[in-house]
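Overview (structure and organization)
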Amino acid sequence: MTTRLSGVTELPDWARQLDLAPHPEGGWYRETWRSELTVSQASLPPGYSGPRSAGTAILFLLMPGQQSAWHTVRSAELWLHHRGSPLILEVGADRTSADEWLLGPDIEAGQHPQLLVPPGHWQRAKPRDDEPALVSCVVVPGFDFADFALSPAATTD
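Here goes a summary of the coordinates provided.

**Focus: the sheet that holds strand β7 (residues 56-62)**
The antiparallel open sheet is built from six strands, whose spatial order is β3-β4-β7-β14-β9-β12. The outermost strands of the open sheet, each flanked by one partner alone, are β3 (21-22) and β12 (114-117). With four bridges connecting them, strand β9 (residues 76-84) and β12 associate as antiparallel partners. Opposite L80, over in β12, you have Q114 as the bridge partner.

**Remarks on the side chain of S53**
When you line up the elements, S53 lands in strand β6 (residues 52-53). Of the residues examined, S53 reaches a relative accessible area of 11% and is grouped as buried. Here R34 takes part through its side chain, which lies 3.4 Å from a polar atom of the side chain of S53. Once you skip the residues sitting within four places of it in the chain, S53 turns out to touch R34, S35, L37, T38, P141 and G142.

What counts as what
Position labels on residues start from 1 in each chain and follow its written sequence. Note on the predicted model: pLDDT of at least 70 is required for a residue's local features to be given, and 80 or more for side-chain atom pairs to be given and counted; whole-chain, interface and lining totals, by contrast, use all residues. For side-chain calculations, the full set of non-hydrogen atoms in the structure is used, while hydrogens and water are omitted. At least two bridges found by DSSP between two strands are what make those strands a pair. Runs of E in the DSSP output that reach at least two residues are strands. Runs of H or I that reach at least four are helices, and both are numbered from the N terminus. Note on exposure labels: buried denotes an accessible area under 20% of the residue type's maximum, exposed denotes more than 50%, and partly exposed covers the range between, all computed with a 1.4 Å probe on protein chains only. Polar contact criterion, stated in full: a pair of N or O atoms within 3.5 Å, where within protein one must be able to donate a hydrogen and the other to accept it, and residues adjacent in sequence count only if both atoms are side-chain atoms. Note on definitions: a residue-residue contact is assigned when non-hydrogen atoms from the two residues lie within 4.5 Å.

Quick look at the structure:
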């Protein structure tokens, strides 16, 4: 069974139980962990505007037909597959040279149960199949929207 939210997307009942909210890049998310350990700005690589949590984690859901916008995160981001469709993850130092990876549970079919997006790399994701894709993203140093940038076009093309 599915439920319509905001007249835009239908989420399955199991996904509604996760208490997800719309994400600025597209899809749905909820922060599930933020380290209590803080890393000082002086201890971080150049470019961080202040201290950061040592790490953060979110649940992230994309529905069939949804695609996240091209974006970068200043920190390293580890993606882990949990449920549903394998997720096509495009990653590159720039968008035009991005490689395509398949995040999913079927190792024998060449899928990867986890993938690392290096700091500052462009990325976008979409489900491969006609079912939702549920993943987690772990960011180290921890995620802050000050370290997040959508592509200048801010499109999902």
